[in-house]
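# A closer look at the structure
In case you want the letters, here they are:
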Amino acid sequence: MTMLVGNIPPFKTVPAVGIETVGMTMRFGAFTALDNVSIKVPAGTFHALLGENGAGKSTLVKCIMGFYHQTAGQLQVDDREVAVASPRDAAALGLGMVYQHFTLVPSLTGAENLVINRTDVPAVINWAKERQALAAFMETMPFTIPLDRPVSELAAGEKQKLEIVKQLYLGRRFLVLDEPTSVLTPAEADEMLGLVRGMTERGELTVLMISHKFHEVTKFADAVSVLRRGKLTGTGLVSDLSTADMAAMMIGDVKLAELDTRLPVSDGARAVLSVSKVRAPDRTGLKMIDIENLVVRSGEIVGIAGISGNGQKELAEVLAGQRAAETGEVTVKGRAYGATRPETRANNVRFIPEEPLANACAPRMTVTENLAFRTFDVAKGGKEAIWLDGRGMKKRASSLIDDFKVKTASPASPIAALSGGNVQRAVLARELTGDVDLLIVSNPCFGLDFSAVAEIRARIMKARNAGAAVLLMSEDLDELMEMSDRIMVMSEGKLVYETPAREADISVIGAHMAGHH
Amino acid sequence: MEDIGLWGVPLAILAGAIRVSTPFIFVSLGEAITERSGRINLGLEGTLVFGAMTAYGVAVMTLSPWLGVLAAMAAGAVFGLVHGWICKFPKVNDIAIGIAMMQFGLGLAFFLGKPFIQPSAPKLPSIPFGGWSDVPQVQAALNINVLFLIGAALAVFLWWAFRNTRIGLILRVVGDSSDAARAMGLNPDTVRLLATAVGGALAAIGGAYLSLFYPGSWNEGISSGQGLMAVALVIFARWNPIGCFLAAMLFGGAGALGPALQSVGVTQGYYLFYAAPYVLTLAILIATSSPTRSLAGAPGALSITK
């Protein structure tokens, strides 16, 4: 089938496409990234691909999509062997991919993004005609997305839907979704996957979803294939497998770090962080965040739930000194706190922001240097250092790298060369070493695999049990339920709900997150 | 000459806006195209001066000002191509290359332009729109050069084209996200190479205007930094072609304030008013900036916004 994406065919006239890989093997030099992997994804099914980071999931889909050329093995599309030499060939066969990061152009509107991706864009675009055609196409879609607004103004969930719509608009009927929910809230994720699932059930689409979230796999997928270190370690219908089975296939016999037993918060625990009546403008300058009262006491974790874009980021920025508050007061241990370096040091405040590579590291400086950001300017006696203690920095870096299992080619590599999980570990190593009295954390486990997640949570719990006050902002409700002592919900810049985590009801929290309060 | 008193000031500002703004219009439109593709070409000052020299030289030799303009465009495109070609190599900084290209363009223009300082070239034609008035100042002010009209039309056309043509959308895609561009099979380097070439060609038209109309001669002091200011105007105009046109008019008008005041007899401090365009630009940039918001409309792949 040659589908030149000339005239966009009416959506329902094109059936779903099924694929099968047979003995797919990919070697990079001496390293075998993919070893004889055979999976079958029949048309109109929802197939999940599970595996830890580095298990070969991306390699497999890149072979399918024509980014890599497999060393051995073959790809069949609709039971016919095909040669896919480039992503263009894959597109012609109706295979499409939705990436983890968005590939939409932020300043273009949804409609412009859709039209410009076609291969036959006319030299002058007749927008009246295109809008009409797009409206007719969107009628056949289960998603509703505003197409007239620049993509940068859309919520993460809407962008993800638009990515999928784009693939369908271009005539793709087999979609690889690469961790499609990693930037979505639970409600957004459920809605999006539910709609996609509906399309597969109607035979309009075939989906291969890369994921490491078991609840998504069990709830939405028909079948699952599990990769570990490049090999297929298991495959089967989701209905026949338990979460424990899948986890065992995925991580083998590796032991996950366990959380320390939660020590009770004593009634007399002193307040370490208190925020009162803080108002600050958000990124657009149009809305305000308004924190009436927030107290975090020693030895407790206060979790802040909320859909992204409701002011959590701004709150974190105010606490980190990156954003000036217009009014109100932030105190740490009873004294006014302006997040200056001396104040931070005197109060042992540590900060793990989201996207740590961008927000807590100097990407092109070495791992050693990045690990020394808290300490490089202090000499032995506690005075300000004039000369850097190069040897001391190196020694400290290698001990932290060992302790926190940071995988890096060398302590002298730029930190940007590390994988996301390892950057996160390195930042944790820096922030959690030494005395910690207040720890402010944002989405610490975003996009990390199992063992990294388990370990990072264990470290945070350990800091809590050692007496640190922890403010944990997360978009992952499961994480908040597992880690927090108290949970607060942030919505439209305000803290609208508070509950002890023991008595927390997810549906009540969800309703407050969605603005029903 | 009839005395029209203080009315001379707004009239002079209008006339100045039209006369002085043309080089700004072309350079800033060219730079807007280049920057919309995600690259900054700071070398347009050099391109402008080289364009002025080329246009003048070719006009002297062929006696056709329009051939001069075409030759300038070709020369400007070559400068753009060189800039774009060097910038496609990894780890090359477009701003540094731009500054180098600026110096190169100036030096080469002065070197090759020596023989053309003496001879006089035919001027570009202008259209007298002021025939309805008896006042010579009004007639002079409304004697509008064809290039100004072309520049105004070009601004509107580009504004339309950025939204409604394939090339316009491709340019915006490449400028906003190199990754997205690659994902749709576009080569960002090629698009930027061409965008820089077009930008260079337009900037050279600005130069041709300088040497072939106003002031209308070729010498080493022909440009007073128009090529550099126009780059700032693009940011000031938020990468919008119509904004570029208006900003260039505003800048030209403010530039005419000093001479206008001088002509109505203000004898003290008029030199201060020569600084008006720069003060105005600073004031507007400060007034429209914000420490908490990022620049709206800035192409995402630009090296200053990355």
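This text follows the structure it describes.
In what follows, the accompanying structure is described. Fair warning: this is a prediction, and the values are worked out from it, not measured in the lab. (Residues numbered from 1 in each chain as written. Chains lettered and ligands numbered in written order. Predicted model: local features only at pLDDT ≥ 70, side-chain atom pairs only at ≥ 80, totals over all residues. Heavy atoms only, no water.)

### Some points on the overall build of chain B
Scanning chain B for helices and strands turns up 14 helices and two strands. For chain B, whose C-alpha radius of gyration is 20 Å, the value lies close to the compact-globule estimate of 19 Å for 306 residues. The C-alpha extent of chain B, read off along each of the three principal axes, is 65 × 50 × 35 Å. Here chain B holds 306 residues, and 54% of them are scored as buried. Across chain B, the fraction of contacts at a sequence separation of at least 24, relative to all contacts at a separation of at least 6, is 75%. Of the roughly 13,400 Å² of accessible surface on chain B, 70% is carried by carbon and sulfur atoms. Taken as two groups, the 15 positive and 11 negative side-chain charges of chain B have centres that lie 12 Å from each other. (Helix = DSSP H or I, 4+ residues; strand = E, 2+ residues; numbered from the N terminus. Rg over C-alpha atoms; globule rule 2.2 N^0.38 Å. Buried < 20%, exposed > 50% of the residue type's maximum accessible area, 1.4 Å probe, protein only. Contact = heavy atoms within 4.5 Å. Areas by Shrake-Rupley, 256 points an atom, 1.4 Å probe, with all protein chains shown as cover. Lys, Arg positive; Asp, Glu negative; His and termini not counted. Charge placed at Lys NZ, Arg CZ, Asp CG, Glu CD.)

### Topic: the interface of chain A and chain B
Contacts between the two partners involve 19 residues from chain A, matched on the other side by 16 residues from chain B. Summing the contributions of chain A and of chain B, the shared interface buries around 1,600 Å²; its carbon and sulfur component is 60%. Along the contact surface separating chain A from chain B lie one salt bridge. One salt bridge in this structure joins A:Glu112 and B:Arg172, with 3.1 Å as the shortest N-O distance. Linking chain A with chain B are seven residue pairs in polar contact (both at pLDDT 80 or more), by the criterion used here. A class-by-class count of the residues in the side of chain A that touches chain B yields 10 nonpolar, five polar and four charged. (Buried area = accessible area lost by both parts, 1.4 Å probe. Salt bridge = Lys/Arg side-chain N within 4 Å of Asp/Glu carboxyl O. Polar contact = N/O pair within 3.5 Å; in protein donor to acceptor, adjacent residues only side chain to side chain. Nonpolar A, V, L, I, M, F, W, Y, C, P; charged D, E, K, R; others polar.)

### What about the pairing of strand E14 (residues 327–332) of chain A?
All names here are of chain A. Two elements, strand E11 (residues 271–281) and E14, share five bridges in a ladder whose sense is antiparallel. Bridge assignment links Ser274 to a residue of E14, and that residue is Thr331. In terms of strand pairing, E14 meets strand E15 (residues 335–336) through two bridges, oriented antiparallel. Of the residues in E15, the one forming a bridge with Thr331 is Ala336. Between E14 and E15, which follow one another and run antiparallel, lie two residues, and Lys333 among them has a positive phi close to 55°. (Pairing = 2+ DSSP bridges.)

### Observations regarding the pattern of salt bridges
Residues and elements named next belong to chain A. Counting across every chain of the model gives 34 salt bridges over all chains. The shortest N-O distance in the salt bridge between Glu292 and Lys277 comes to 3.6 Å. Highlighted residues: Glu292 in strand E12 (residues 288–297) and Lys277 in strand E11, separated in sequence by 15 residues. A relative accessible area of 53% means that Lys277 is categorised as exposed. For Glu479, the salt bridge goes to Arg457, with nearest N and O atoms at 3.1 Å. Note that Glu479 is positioned in helix H16 (residues 477–483) and Arg457 in helix H15 (residues 450–465), a separation of 22 residues in sequence. An identical accessibility class is assigned to Glu479 and Arg457; each is buried. The network of salt bridges with shared partners includes Arg297, Glu300, Arg486 and Glu498.

### Some details on the environment of A:Met473
Residues and elements named next belong to chain A. Looking at the secondary structure, you find Met473 in strand E18 (residues 469–473). The class of Met473 is buried, set by a relative accessible area of 3%. The sequence separation of Met473 and Thr109 amounts to 364 residues, and the corresponding C-alpha distance is 31 Å. Those residues in contact with Met473 that sit more than four places away from it in its chain are Ile304, Gln312, Leu315, Ala316, Leu319, Ile440, Val441, Ser442, Asn443 and Pro444.

### Things to note about the packing of aromatic side chains
Here a ring pair, both rings aromatic, is described through the centre-centre distance and the interplanar angle of the planes. Residue and element names in this part refer to chain B. Counting across every chain of the model gives 12 aromatic pairs over all chains. A centroid spacing of 4.9 Å and a plane angle of 50° characterise the contact between Phe50 and Phe79, whose relative ring orientation is tilted. Of this pair, Phe50 sits in helix H2 (residues 44–62) while Phe79 sits in helix H3 (residues 65–87), and the two are 29 residues apart along the sequence. Accessibility assignment for this pair places Phe50 and Phe79 in one class, buried. Seen from their ring centres, Phe251 and Tyr278 are 5.8 Å apart, and the 90° between their planes marks the pair as edge-to-face. Of this pair, Phe251 sits in helix H11 (residues 241–255) while Tyr278 sits in helix H14 (residues 276–288), and the two are 27 residues apart along the sequence. (Phe/Tyr/Trp six-rings, centres within 6.5 Å; stacked < 30°, edge-to-face > 60°.)

### Comments concerning the sheet that holds strand E6 (residues 95–98) of chain A
All names here are of chain A. Taken together, six strands build an open sheet; the order of strands is E6-E7-E8-E3-E9-E10 and the sheet is mixed. The sheet terminates laterally at E6 and strand E10 (231–237), the two strands that pair on one side only. Geometrically, the sheet is characterised by an average inter-axis angle of 20° between neighbouring strands, direction not taken into account. In terms of strand pairing, E6 meets strand E7 (residues 174–178) through four bridges, oriented parallel. The residue bridging Met97 from the neighbouring strand is Val176, located in E7. (Axes fitted to C-alpha atoms, helices over the stretch in contact; angles between N-to-C directions.)

### Comments concerning the state of the cysteines
All chains considered together, the criterion is met by zero disulfides over all chains. In this structure A:Cys361 is not part of a disulfide, and its nearest cysteine sulfur, from A:Cys445, lies 16 Å away. (Disulfide = S-S within 2.5 Å.)

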